[in-house]
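# A structural walkthrough
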Amino acid sequence: MLSIQSLIVNYPLKQQPALNNVSLELEAGEILLLIGGNGSGKSTLLHCLAGLIPGIYRADVKGSCHVKGLVGMALQDSDVFLLPTPEEELNFILQNQSLTSEKRQQKMDQLISTFHLTPLLKRTIHTLSGGERQRLALAAAIASNPVILFLDEPLAQLDSSFTTEFIQLLQNLASFGTTIIISTTFSSQYEPLKAKYCWLHEGQIVWQGSKINFQGKWGQARSAGIDVDGKGLFIRKGNNETTYQKEKATGAIPVLALEDVSYSYGDTFIMQEVNLSVMSGEFVALTGPNGSGKSTLLKLAAGILNPYSGTILIKGKNIAGLSIAEATAESGFLFQNPDNQIFQDKVIKEVAWGLKMRKLNQELIPNRVAKWLKRLQMEQMAEEHPYSLTKTDRQWVALAGVLVREPSLLLLDEPTHGMDCASTARFMDVIMELAEAGTSVLMVTHHQELAEHYAHRIYDLKHGTCRQVR
(Lines give C-alpha, C1' and ligand atoms only; values in the text may rest on other atoms or scores of the structure.)
Protein backbone atom coordinates (compact mmCIF):
# COMPACT_ATOMS: atom_id res chain seq x y z
CA MET A 1 0.00 0.00 0.00
CA LEU A 2 2.84 2.37 0.78
CA SER A 3 6.53 2.32 -0.04
CA ILE A 4 9.31 4.85 0.64
CA GLN A 5 12.84 4.22 -0.58
CA SER A 6 15.90 6.32 0.30
CA LEU A 7 13.85 9.53 0.61
CA ILE A 8 15.87 12.75 1.01
CA VAL A 9 14.16 16.15 1.36
CA ASN A 10 15.94 19.49 1.47
CA TYR A 11 14.11 22.78 2.06
CA PRO A 12 15.46 25.97 0.42
CA LEU A 13 18.08 27.84 2.47
CA LYS A 14 18.32 25.01 5.04
CA GLN A 15 21.74 23.47 5.61
CA GLN A 16 20.51 20.13 6.96
CA PRO A 17 18.03 17.86 5.12
CA ALA A 18 14.58 17.59 6.69
CA LEU A 19 14.59 13.88 5.77
CA ASN A 20 17.75 11.89 5.17
CA ASN A 21 17.64 8.44 3.54
CA VAL A 22 14.26 7.38 4.94
CA SER A 23 12.80 4.02 3.86
CA LEU A 24 9.46 2.52 4.97
CA GLU A 25 6.98 -0.17 3.89
CA LEU A 26 3.37 -0.56 5.07
CA GLU A 27 0.70 -3.09 4.13
CA ALA A 28 -3.10 -2.72 4.10
CA GLY A 29 -4.63 -2.43 7.57
CA GLU A 30 -1.36 -1.60 9.35
CA ILE A 31 -1.02 1.33 11.74
CA LEU A 32 2.31 3.12 11.99
CA LEU A 33 3.02 5.45 14.90
CA LEU A 34 5.57 7.94 13.58
CA ILE A 35 7.18 9.39 16.70
CA GLY A 36 9.78 12.10 17.20
CA GLY A 37 10.42 15.47 18.73
CA ASN A 38 9.67 18.82 17.11
CA GLY A 39 11.68 19.28 13.92
CA SER A 40 12.40 15.57 13.53
CA GLY A 41 10.79 15.42 10.07
CA LYS A 42 7.44 13.81 10.88
CA SER A 43 5.25 16.40 9.15
CA THR A 44 7.64 16.56 6.19
CA LEU A 45 7.30 12.81 5.70
CA LEU A 46 3.50 13.00 5.75
CA HIS A 47 3.55 15.93 3.32
CA CYS A 48 5.68 13.88 0.92
CA LEU A 49 3.33 10.89 1.16
CA ALA A 50 0.30 13.11 0.52
CA GLY A 51 1.93 14.83 -2.46
CA LEU A 52 2.10 18.24 -0.77
CA ILE A 53 5.87 18.07 -1.23
CA PRO A 54 6.92 19.04 -3.83
CA GLY A 55 3.42 19.77 -5.17
CA ILE A 56 2.68 22.71 -2.87
CA TYR A 57 5.64 23.16 -0.52
CA ARG A 58 8.96 23.90 -2.23
CA ALA A 59 11.66 21.35 -1.55
CA ASP A 60 14.32 19.33 -3.34
CA VAL A 61 13.28 15.66 -3.22
CA LYS A 62 15.36 12.58 -4.01
CA GLY A 63 14.42 8.92 -3.69
CA SER A 64 10.98 7.41 -4.22
CA CYS A 65 7.63 7.69 -2.47
CA HIS A 66 4.74 5.49 -3.67
CA VAL A 67 1.20 5.47 -2.26
CA LYS A 68 -1.45 3.15 -3.68
CA GLY A 69 -5.06 4.19 -3.16
CA LEU A 70 -7.25 7.10 -2.09
CA VAL A 71 -5.64 9.22 0.61
CA GLY A 72 -7.24 11.12 3.50
CA MET A 73 -5.22 13.57 5.59
CA ALA A 74 -5.66 15.78 8.63
CA LEU A 75 -2.93 18.41 8.84
CA GLN A 76 -1.48 19.65 12.11
CA ASP A 77 -3.11 23.00 11.31
CA SER A 78 -6.84 22.26 11.64
CA ASP A 79 -7.87 25.58 10.08
CA VAL A 80 -7.60 24.45 6.44
CA PHE A 81 -11.24 24.50 5.28
CA LEU A 82 -12.90 25.49 2.02
CA LEU A 83 -16.46 26.39 3.00
CA PRO A 84 -18.15 28.50 5.71
CA THR A 85 -19.92 25.85 7.83
CA PRO A 86 -19.21 22.24 8.90
CA GLU A 87 -22.33 21.08 7.09
CA GLU A 88 -21.21 22.62 3.79
CA GLU A 89 -17.64 21.35 4.26
CA LEU A 90 -18.71 17.73 4.72
CA ASN A 91 -21.41 17.90 2.04
CA PHE A 92 -18.84 19.12 -0.48
CA ILE A 93 -16.69 16.04 0.16
CA LEU A 94 -19.62 13.62 0.02
CA GLN A 95 -21.08 15.14 -3.13
CA ASN A 96 -17.83 14.39 -4.95
CA GLN A 97 -18.39 10.66 -4.39
CA SER A 98 -20.55 8.34 -6.46
CA LEU A 99 -23.24 7.96 -3.79
CA THR A 100 -27.01 8.02 -3.99
CA SER A 101 -28.68 10.78 -2.01
CA GLU A 102 -29.78 8.19 0.55
CA LYS A 103 -26.25 6.78 0.97
CA ARG A 104 -24.83 10.28 1.16
CA GLN A 105 -27.23 11.21 3.96
CA GLN A 106 -26.41 8.00 5.82
CA LYS A 107 -22.70 8.81 5.59
CA MET A 108 -23.35 12.38 6.72
CA ASP A 109 -25.37 11.19 9.72
CA GLN A 110 -22.61 8.76 10.63
CA LEU A 111 -19.93 11.47 10.55
CA ILE A 112 -22.09 13.85 12.58
CA SER A 113 -22.69 11.20 15.23
CA THR A 114 -19.12 9.89 15.38
CA PHE A 115 -17.52 13.32 15.69
CA HIS A 116 -20.26 14.96 17.82
CA LEU A 117 -20.97 17.67 15.26
CA THR A 118 -24.76 18.09 15.65
CA PRO A 119 -24.69 21.47 17.46
CA LEU A 120 -21.94 22.78 15.16
CA LEU A 121 -23.34 22.10 11.70
CA LYS A 122 -24.82 25.55 10.97
CA ARG A 123 -22.15 27.60 12.72
CA THR A 124 -19.44 29.38 10.76
CA ILE A 125 -16.21 27.44 11.16
CA HIS A 126 -14.19 30.40 12.41
CA THR A 127 -16.44 30.60 15.49
CA LEU A 128 -15.65 27.02 16.53
CA SER A 129 -13.11 26.23 19.22
CA GLY A 130 -9.77 24.68 18.26
CA GLY A 131 -10.92 21.26 19.43
CA GLU A 132 -14.20 21.54 17.51
CA ARG A 133 -12.32 22.45 14.34
CA GLN A 134 -10.02 19.51 14.94
CA ARG A 135 -12.98 17.13 15.15
CA LEU A 136 -14.31 18.59 11.89
CA ALA A 137 -10.90 18.19 10.21
CA LEU A 138 -10.76 14.53 11.28
CA ALA A 139 -14.31 13.94 10.03
CA ALA A 140 -13.36 15.50 6.69
CA ALA A 141 -10.27 13.30 6.46
CA ILE A 142 -12.26 10.07 6.64
CA ALA A 143 -15.40 11.30 4.83
CA SER A 144 -14.20 10.02 1.44
CA ASN A 145 -13.51 6.50 2.80
CA PRO A 146 -9.76 6.65 2.14
CA VAL A 147 -7.74 3.45 2.04
CA ILE A 148 -4.74 5.33 3.44
CA LEU A 149 -5.02 7.88 6.25
CA PHE A 150 -2.34 10.38 7.32
CA LEU A 151 -2.85 12.14 10.66
CA ASP A 152 -0.49 14.83 11.97
CA GLU A 153 -0.83 15.20 15.78
CA PRO A 154 -4.59 14.44 15.59
CA LEU A 155 -5.12 14.49 19.38
CA ALA A 156 -3.34 17.80 20.05
CA GLN A 157 -6.48 19.89 20.67
CA LEU A 158 -8.99 17.21 21.66
CA ASP A 159 -10.38 16.73 25.14
CA SER A 160 -9.85 13.38 26.83
CA SER A 161 -13.44 12.16 26.44
CA PHE A 162 -13.28 12.24 22.64
CA THR A 163 -9.69 11.02 22.47
CA THR A 164 -10.70 7.57 23.71
CA GLU A 165 -13.48 7.32 21.12
CA PHE A 166 -11.22 8.43 18.29
CA ILE A 167 -8.48 5.92 19.06
CA GLN A 168 -11.08 3.13 18.99
CA LEU A 169 -12.33 4.46 15.65
CA LEU A 170 -8.79 4.26 14.22
CA GLN A 171 -8.46 0.65 15.36
CA ASN A 172 -11.80 -0.18 13.73
CA LEU A 173 -10.75 1.47 10.46
CA ALA A 174 -7.54 -0.54 10.42
CA SER A 175 -9.45 -3.77 11.01
CA PHE A 176 -11.38 -3.06 7.78
CA GLY A 177 -8.14 -2.54 5.83
CA THR A 178 -7.35 1.18 6.18
CA THR A 179 -3.61 1.87 6.39
CA ILE A 180 -2.91 4.62 8.92
CA ILE A 181 0.16 6.72 9.73
CA ILE A 182 -0.02 8.93 12.82
CA SER A 183 2.71 11.44 13.63
CA THR A 184 3.05 12.40 17.28
CA THR A 185 5.39 13.42 20.07
CA PHE A 186 3.14 11.74 22.65
CA SER A 187 3.37 8.00 22.07
CA SER A 188 1.75 7.30 25.45
CA GLN A 189 -1.61 8.58 24.16
CA TYR A 190 -1.74 5.80 21.57
CA GLU A 191 -0.99 2.89 23.90
CA PRO A 192 -4.33 1.13 23.11
CA LEU A 193 -3.54 0.93 19.37
CA LYS A 194 -2.08 -2.18 17.75
CA ALA A 195 0.62 -0.28 15.91
CA LYS A 196 4.15 -0.46 14.61
CA TYR A 197 6.52 2.20 15.90
CA CYS A 198 8.96 4.28 13.86
CA TRP A 199 11.17 6.83 15.60
CA LEU A 200 12.44 9.80 13.59
CA HIS A 201 15.24 12.03 14.86
CA GLU A 202 16.83 14.86 12.88
CA GLY A 203 15.33 13.53 9.66
CA GLN A 204 16.52 9.95 10.05
CA ILE A 205 14.90 6.75 11.24
CA VAL A 206 16.80 5.75 14.35
CA TRP A 207 14.60 2.81 15.29
CA GLN A 208 11.65 0.73 14.08
CA GLY A 209 9.86 -2.04 15.91
CA SER A 210 6.94 -3.22 18.00
CA LYS A 211 5.25 -1.43 20.89
CA ILE A 212 6.72 -3.92 23.36
CA ASN A 213 10.27 -3.50 22.07
CA PHE A 214 9.89 0.28 22.14
CA GLN A 215 9.82 0.18 25.94
CA GLY A 216 13.53 -0.61 25.84
CA LYS A 217 14.06 2.72 24.06
CA TRP A 218 12.08 4.85 26.49
CA GLY A 219 15.10 6.52 28.07
CA GLN A 220 16.55 7.62 24.72
CA ALA A 221 13.15 8.63 23.35
CA ARG A 222 12.35 10.75 26.39
CA SER A 223 15.62 12.64 25.96
CA ALA A 224 14.51 13.44 22.38
CA GLY A 225 11.29 15.08 23.63
CA ILE A 226 8.89 12.14 23.25
CA ASP A 227 6.36 11.49 26.01
CA VAL A 228 6.54 7.71 26.32
CA ASP A 229 4.63 7.21 29.57
CA GLY A 230 2.56 10.35 30.28
CA LYS A 231 5.26 11.83 32.55
CA GLY A 232 7.55 13.35 29.95
CA LEU A 233 6.70 16.96 30.78
CA PHE A 234 7.95 16.71 34.32
CA ILE A 235 11.24 14.83 34.02
CA ARG A 236 14.56 16.57 33.49
CA LYS A 237 18.10 15.35 33.10
CA GLY A 238 18.99 12.90 35.85
CA ASN A 239 15.30 11.91 36.08
CA ASN A 240 14.65 14.65 38.60
CA GLU A 241 11.08 15.89 38.78
CA THR A 242 10.62 19.64 38.61
CA THR A 243 8.65 21.41 41.32
CA TYR A 244 7.38 24.96 41.77
CA GLN A 245 6.13 26.90 44.72
CA LYS A 246 2.34 26.72 45.03
CA GLU A 247 1.65 28.94 48.02
CA LYS A 248 -1.63 30.80 47.74
CA ALA A 249 -1.09 34.14 46.02
CA THR A 250 -1.96 37.21 48.01
CA GLY A 251 -2.77 40.82 47.19
CA ALA A 252 -5.41 43.42 47.88
CA ILE A 253 -6.68 43.63 44.29
CA PRO A 254 -6.71 40.85 41.68
CA VAL A 255 -4.78 41.63 38.51
CA LEU A 256 -7.73 40.10 36.61
CA ALA A 257 -11.28 39.71 37.90
CA LEU A 258 -14.38 38.50 36.07
CA GLU A 259 -17.52 39.28 38.07
CA ASP A 260 -20.81 37.62 37.03
CA VAL A 261 -19.71 37.66 33.37
CA SER A 262 -22.07 36.18 30.78
CA TYR A 263 -21.58 35.85 27.04
CA SER A 264 -23.73 34.53 24.21
CA TYR A 265 -23.39 33.68 20.53
CA GLY A 266 -26.77 34.78 19.21
CA ASP A 267 -29.45 33.18 21.36
CA THR A 268 -27.08 30.59 22.84
CA PHE A 269 -25.25 31.41 26.07
CA ILE A 270 -21.70 30.07 26.10
CA MET A 271 -21.17 31.10 29.72
CA GLN A 272 -23.35 32.54 32.46
CA GLU A 273 -22.39 34.54 35.53
CA VAL A 274 -18.75 33.44 35.54
CA ASN A 275 -16.58 34.56 38.45
CA LEU A 276 -12.82 34.14 38.17
CA SER A 277 -9.75 35.94 39.50
CA VAL A 278 -5.99 35.91 39.03
CA MET A 279 -3.75 37.46 41.66
CA SER A 280 -0.31 39.00 41.20
CA GLY A 281 2.28 36.30 40.49
CA GLU A 282 -0.34 33.58 40.21
CA PHE A 283 -0.58 30.94 37.50
CA VAL A 284 -4.21 29.91 36.98
CA ALA A 285 -5.15 27.11 34.58
CA LEU A 286 -8.51 27.03 32.80
CA THR A 287 -9.68 23.58 31.70
CA GLY A 288 -12.86 22.20 30.16
CA PRO A 289 -14.15 20.22 27.17
CA ASN A 290 -13.98 21.37 23.54
CA GLY A 291 -16.44 24.18 22.85
CA SER A 292 -17.03 25.05 26.50
CA GLY A 293 -15.98 28.69 25.97
CA LYS A 294 -12.40 28.75 27.25
CA SER A 295 -11.00 30.74 24.33
CA THR A 296 -14.03 33.04 24.50
CA LEU A 297 -13.31 33.71 28.17
CA LEU A 298 -9.73 34.70 27.34
CA LYS A 299 -10.93 37.05 24.60
CA LEU A 300 -13.31 38.66 27.07
CA ALA A 301 -10.47 39.10 29.55
CA ALA A 302 -8.37 40.69 26.80
CA GLY A 303 -11.12 43.12 25.78
CA ILE A 304 -11.36 41.56 22.31
CA LEU A 305 -14.99 40.62 23.06
CA ASN A 306 -17.51 42.48 25.19
CA PRO A 307 -19.60 40.57 27.75
CA TYR A 308 -23.38 40.29 27.51
CA SER A 309 -23.44 41.23 31.20
CA GLY A 310 -21.09 41.44 34.15
CA THR A 311 -17.84 43.27 34.82
CA ILE A 312 -14.22 42.62 33.82
CA LEU A 313 -11.54 44.38 35.85
CA ILE A 314 -7.81 44.57 35.20
CA LYS A 315 -5.89 45.92 38.18
CA GLY A 316 -9.22 47.15 39.51
CA LYS A 317 -10.08 49.09 36.34
CA ASN A 318 -13.26 48.26 34.46
CA ILE A 319 -12.32 47.70 30.79
CA ALA A 320 -15.87 48.18 29.51
CA GLY A 321 -16.01 50.81 26.79
CA LEU A 322 -12.25 50.90 26.28
CA SER A 323 -10.63 50.36 22.90
CA ILE A 324 -8.76 47.08 22.46
CA ALA A 325 -5.45 48.96 22.70
CA GLU A 326 -6.53 50.53 26.01
CA ALA A 327 -8.04 47.29 27.38
CA THR A 328 -4.86 45.34 26.60
CA ALA A 329 -2.43 47.91 27.96
CA GLU A 330 -1.64 45.65 30.94
CA SER A 331 -2.10 42.26 29.26
CA GLY A 332 -0.57 40.11 26.55
CA PHE A 333 -2.62 37.59 24.56
CA LEU A 334 -1.13 34.48 22.92
CA PHE A 335 -3.52 32.94 20.41
CA GLN A 336 -4.09 29.21 20.05
CA ASN A 337 -2.68 29.37 16.52
CA PRO A 338 0.52 31.46 16.32
CA ASP A 339 -0.13 32.13 12.63
CA ASN A 340 -3.03 34.38 13.68
CA GLN A 341 -0.59 36.95 15.09
CA ILE A 342 2.53 36.68 12.93
CA PHE A 343 2.87 38.78 9.79
CA GLN A 344 6.39 40.28 9.57
CA ASP A 345 9.09 38.88 7.26
CA LYS A 346 11.76 38.50 9.95
CA VAL A 347 11.58 37.18 13.48
CA ILE A 348 13.39 40.21 14.90
CA LYS A 349 10.89 42.56 13.20
CA GLU A 350 7.97 40.49 14.48
CA VAL A 351 9.18 40.69 18.07
CA ALA A 352 9.76 44.44 17.81
CA TRP A 353 6.42 45.24 16.19
CA GLY A 354 4.36 45.43 19.40
CA LEU A 355 6.81 47.85 20.99
CA LYS A 356 6.66 50.11 17.95
CA MET A 357 2.86 50.09 18.00
CA ARG A 358 2.93 51.00 21.70
CA LYS A 359 5.28 53.86 20.80
CA LEU A 360 8.12 52.78 23.09
CA ASN A 361 11.18 54.99 22.80
CA GLN A 362 12.81 53.82 19.54
CA GLU A 363 16.26 53.78 21.12
CA LEU A 364 15.14 51.26 23.74
CA ILE A 365 13.56 48.76 21.34
CA PRO A 366 16.72 46.93 20.08
CA ASN A 367 17.93 46.15 23.60
CA ARG A 368 14.47 45.00 24.73
CA VAL A 369 14.13 42.72 21.69
CA ALA A 370 17.65 41.32 22.15
CA LYS A 371 16.90 40.64 25.82
CA TRP A 372 13.85 38.50 25.07
CA LEU A 373 15.36 36.70 22.11
CA LYS A 374 18.22 35.67 24.38
CA ARG A 375 15.98 34.71 27.27
CA LEU A 376 13.85 32.51 25.01
CA GLN A 377 16.94 31.01 23.30
CA MET A 378 15.88 32.43 19.93
CA GLU A 379 18.93 34.47 18.92
CA GLN A 380 19.85 32.05 16.13
CA MET A 381 16.51 32.61 14.37
CA ALA A 382 16.41 36.41 14.59
CA GLU A 383 16.91 36.95 10.85
CA GLU A 384 14.73 34.02 9.74
CA HIS A 385 11.35 34.44 8.06
CA PRO A 386 8.80 33.16 10.62
CA TYR A 387 7.04 30.97 8.05
CA SER A 388 10.28 29.15 7.26
CA LEU A 389 10.19 27.84 10.86
CA THR A 390 8.33 24.89 12.34
CA LYS A 391 4.98 25.57 13.96
CA THR A 392 6.52 25.11 17.41
CA ASP A 393 9.18 27.72 16.64
CA ARG A 394 6.47 30.05 15.34
CA GLN A 395 4.77 29.65 18.71
CA TRP A 396 7.99 30.84 20.35
CA VAL A 397 8.06 33.81 17.97
CA ALA A 398 4.50 34.72 18.92
CA LEU A 399 5.34 34.36 22.62
CA ALA A 400 8.38 36.61 22.25
CA GLY A 401 6.17 39.22 20.59
CA VAL A 402 3.93 39.15 23.65
CA LEU A 403 6.61 39.00 26.37
CA VAL A 404 8.72 41.78 24.89
CA ARG A 405 6.02 44.19 26.06
CA GLU A 406 6.49 42.81 29.62
CA PRO A 407 2.78 42.80 30.48
CA SER A 408 1.46 42.33 34.01
CA LEU A 409 -1.05 39.70 32.82
CA LEU A 410 -0.51 36.86 30.34
CA LEU A 411 -3.50 35.27 28.61
CA LEU A 412 -2.40 32.02 26.94
CA ASP A 413 -4.70 29.93 24.75
CA GLU A 414 -3.50 26.29 24.44
CA PRO A 415 0.07 27.51 23.91
CA THR A 416 1.73 24.09 24.16
CA HIS A 417 -0.41 22.08 21.73
CA GLY A 418 1.80 20.43 19.13
CA MET A 419 4.94 20.95 21.21
CA ASP A 420 7.05 17.97 22.22
CA CYS A 421 7.87 17.37 25.87
CA ALA A 422 11.19 19.19 25.77
CA SER A 423 9.63 22.32 24.21
CA THR A 424 6.61 22.18 26.52
CA ALA A 425 8.79 21.86 29.60
CA ARG A 426 10.99 24.76 28.45
CA PHE A 427 7.88 26.83 27.71
CA MET A 428 6.46 26.16 31.17
CA ASP A 429 9.79 26.94 32.82
CA VAL A 430 9.65 30.40 31.24
CA ILE A 431 6.03 30.93 32.31
CA MET A 432 6.68 29.82 35.89
CA GLU A 433 9.78 32.01 36.15
CA LEU A 434 7.65 34.97 35.06
CA ALA A 435 4.97 34.07 37.62
CA GLU A 436 7.52 33.81 40.39
CA ALA A 437 8.73 37.29 39.37
CA GLY A 438 5.19 38.70 39.70
CA THR A 439 3.53 38.22 36.30
CA SER A 440 -0.04 36.92 36.48
CA VAL A 441 -0.96 34.08 34.11
CA LEU A 442 -4.29 32.67 32.94
CA MET A 443 -3.73 29.71 30.63
CA VAL A 444 -6.21 27.51 28.78
CA THR A 445 -5.09 23.90 28.50
CA HIS A 446 -6.49 20.43 27.78
CA HIS A 447 -3.47 18.87 29.43
CA GLN A 448 -4.84 18.00 32.86
CA GLU A 449 -1.50 16.70 34.14
CA LEU A 450 0.20 19.95 33.14
CA ALA A 451 -2.45 21.96 34.99
CA GLU A 452 -2.13 19.80 38.09
CA HIS A 453 1.66 20.01 38.07
CA TYR A 454 2.14 23.74 37.50
CA ALA A 455 -0.96 25.74 38.40
CA HIS A 456 -1.57 27.50 41.69
CA ARG A 457 -5.31 27.20 41.05
CA ILE A 458 -7.47 25.48 38.43
CA TYR A 459 -10.87 26.56 37.10
CA ASP A 460 -13.04 24.23 35.02
CA LEU A 461 -15.49 25.66 32.47
CA LYS A 462 -18.31 23.33 31.49
CA HIS A 463 -21.92 23.77 30.33
CA GLY A 464 -21.66 27.54 30.75
CA THR A 465 -20.55 27.32 34.37
CA CYS A 466 -17.06 28.04 35.71
CA ARG A 467 -15.97 26.61 39.04
CA GLN A 468 -12.72 26.39 40.88
CA VAL A 469 -11.67 22.74 41.19
CA ARG A 470 -8.38 23.31 43.03
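Residues numbered from 1 in each chain as written. Predicted model: local features only at pLDDT ≥ 70, side-chain atom pairs only at ≥ 80, totals over all residues. Heavy atoms only, no water.

## What about the sheet that holds strand β2 (residues 19–26)?
With antiparallel pairing, the three strands of this open sheet are ordered in space as β2-β1-β4. Of all the strands in the sheet, the pair left with one neighbour each is β2 and β4 (60–67). Averaged over all pairs of adjacent strands, the angle between their axes in this sheet comes to 15°, without regard to strand direction. Pairing of strand β1 (residues 2–10) with β4 involves seven bridges; the strand directions are antiparallel. Looking at β4, one finds that Q5 is bridged to S64. (Pairing = 2+ DSSP bridges. Helix = DSSP H or I, 4+ residues; strand = E, 2+ residues; numbered from the N terminus. Axes fitted to C-alpha atoms, helices over the stretch in contact; angles between N-to-C directions.)

## Focus on the pairing of strand β12 (residues 283–287)
Counting buried positions along β12 yields five of five residues, so the element is predominantly enclosed. Along β12, one buried face is formed by F283, A285 and T287 and the opposite face, lined by V284 and L286, is buried too. Direction of pairing for β12 relative to strand β17 (residues 440–444): parallel, over a ladder of four bridges. By the bridge assignment, V284 is partnered in β17 with L442. Where β12 and strand β18 (residues 457–462) come together, four bridges link them in parallel fashion. Across the sheet, T287 pairs through a bridge with D460, a residue of β18. (Buried < 20%, exposed > 50% of the residue type's maximum accessible area, 1.4 Å probe, protein only.)

## Things to note about the side chain of S40
Following the sequence through the fold, S40 ends up in the loop between β3 (31–35) and α1 (42–50). Accessibility expressed as a relative area gives 3% for S40, which makes it buried. At a separation of 2.8 Å, a polar atom in the side chain of S40 contacts the main-chain carbonyl oxygen of G37. Contacts of S40, omitting those with residues within four sequence positions, involve A18, L200, H201, E202 and G203. (Polar contact = N/O pair within 3.5 Å; in protein donor to acceptor, adjacent residues only side chain to side chain. Contact = heavy atoms within 4.5 Å.)

## Notes on the nonpolar core
Ranked by size, the top nonpolar core spans 48 residues in total, and within it F115, L117, L151, F166 and I182 carry the most contacts. Of all the secondary-structure elements, those providing two or more residues to this core are β3, α3 (86–95), α4 (101–114), α5 (130–142), β6 (148–152), α6 (160–175), β7 (179–184) and β8 (196–201). If you tally residues by element for this core, the top one is α5, at seven residues. Look past the residues within four positions of I182 in its chain and what remains in contact with it is I31, L32, L33, L34, L151, P154, L170, Y190 and L193. (Core = buried A, V, L, I, M, F, W, Y, C linked by side-chain atoms within 4.5 Å.)

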